[in-house]
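# Chain and residue survey
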Amino acid sequence: MYAEPPYREGPEQVRRFADGLPGEAMRPGFTLVTAEDEGALVGATYGWTMLAGRWWSRADQCPPTDVLNADKFAVMEWLVHPCRRGEGIGAGLIRRLLSSRPERWATLASNPQAAARDMYRRAGWRQVSASALPDGTPMDLLILELPASSVSTQF
């Protein structure tokens, strides 16, 4: 699902993702939400709890103190099949993923050239720092404040 620009990922990245997913699933607070249509996977999102005091590696700066000092829910992947984008699947996935989270904040890393950036902005995500993947690809680090006990964010 990341074969198109700006990602242009191929078989090597897919293999690395598949190899790393079992370890991701062992992290505290791991949650996975999927969307299917007639048995076919059309989208998925997952993340885990980033504990208080932790932040993204390679970040150019720390987030605000109240964010850094709190547990955060790190959204690691948020995917919708390219043929199914624009149908509200992604919004439904993230709403389900973030609903009833105990953390006060959610965070994610986004390629600044990604088409989804407009959706993030409309949904209230804001950039607090930047980073880069090991291959040098720039990433913006975003946060979203989560309402107490349940998410009511409009997508």
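As the structure is a prediction and not an experimental result, all values here were calculated from the model.

### Overview of the overall build of the protein
Looking only at helices and strands, the protein features four helices and six strands. Taken from the N to the C terminus, the helices and strands of the protein come in the order α-β-β-α-β-α-β-α-β-β. Going through the 155 residues of the protein one by one, you find that 39% of them count as buried. The long-range share in the protein, meaning contacts at least 24 apart out of those at least 6 apart in sequence, stands at 61%.

### Details of helix α3 (residues 89-98)
With eight of its ten residues buried, α3 lies for the most part within the structure. Buried residues of α3: Ile89, Gly90, Ala91, Gly92, Leu93, Ile94, Leu97 and Leu98, and no others. Residues of α3 that are buried in the fold lie against β1 (31-37), β2 (40-50), β3 (72-80), β4 (105-110) and β6 (138-145). Following α3 by one or two positions, serine 100 has its phi on the positive side, about 60°.

### Let's talk about the pattern of salt bridges
Tallying each qualifying case throughout the model produces eight salt bridges. The salt bridge involving glutamate 87 is made with arginine 84; its shortest N-O contact spans 2.9 Å. Judged by its relative accessible area of 21%, arginine 84 falls in the partly exposed class. With its nearest N and O atoms 3.8 Å apart, the salt bridge here joins arginine 121 to aspartate 118. Pair noted here: arginine 121 and aspartate 118 are both in helix α4 (residues 117-122), with a separation of three residues, about one helical turn. In this structure aspartate 118 comes out as partly exposed when scored by relative accessible area, which is 43%. One network of salt bridges, with partners in common, ties together Asp37, Arg84 and Glu87.

Conventions used here
Residues numbered from 1 in each chain as written. Predicted model: local features only at pLDDT ≥ 70, side-chain atom pairs only at ≥ 80, totals over all residues. Heavy atoms only, no water. Helix = DSSP H or I, 4+ residues; strand = E, 2+ residues; numbered from the N terminus. Buried < 20%, exposed > 50% of the residue type's maximum accessible area, 1.4 Å probe, protein only. Contact = heavy atoms within 4.5 Å. Salt bridge = Lys/Arg side-chain N within 4 Å of Asp/Glu carboxyl O.

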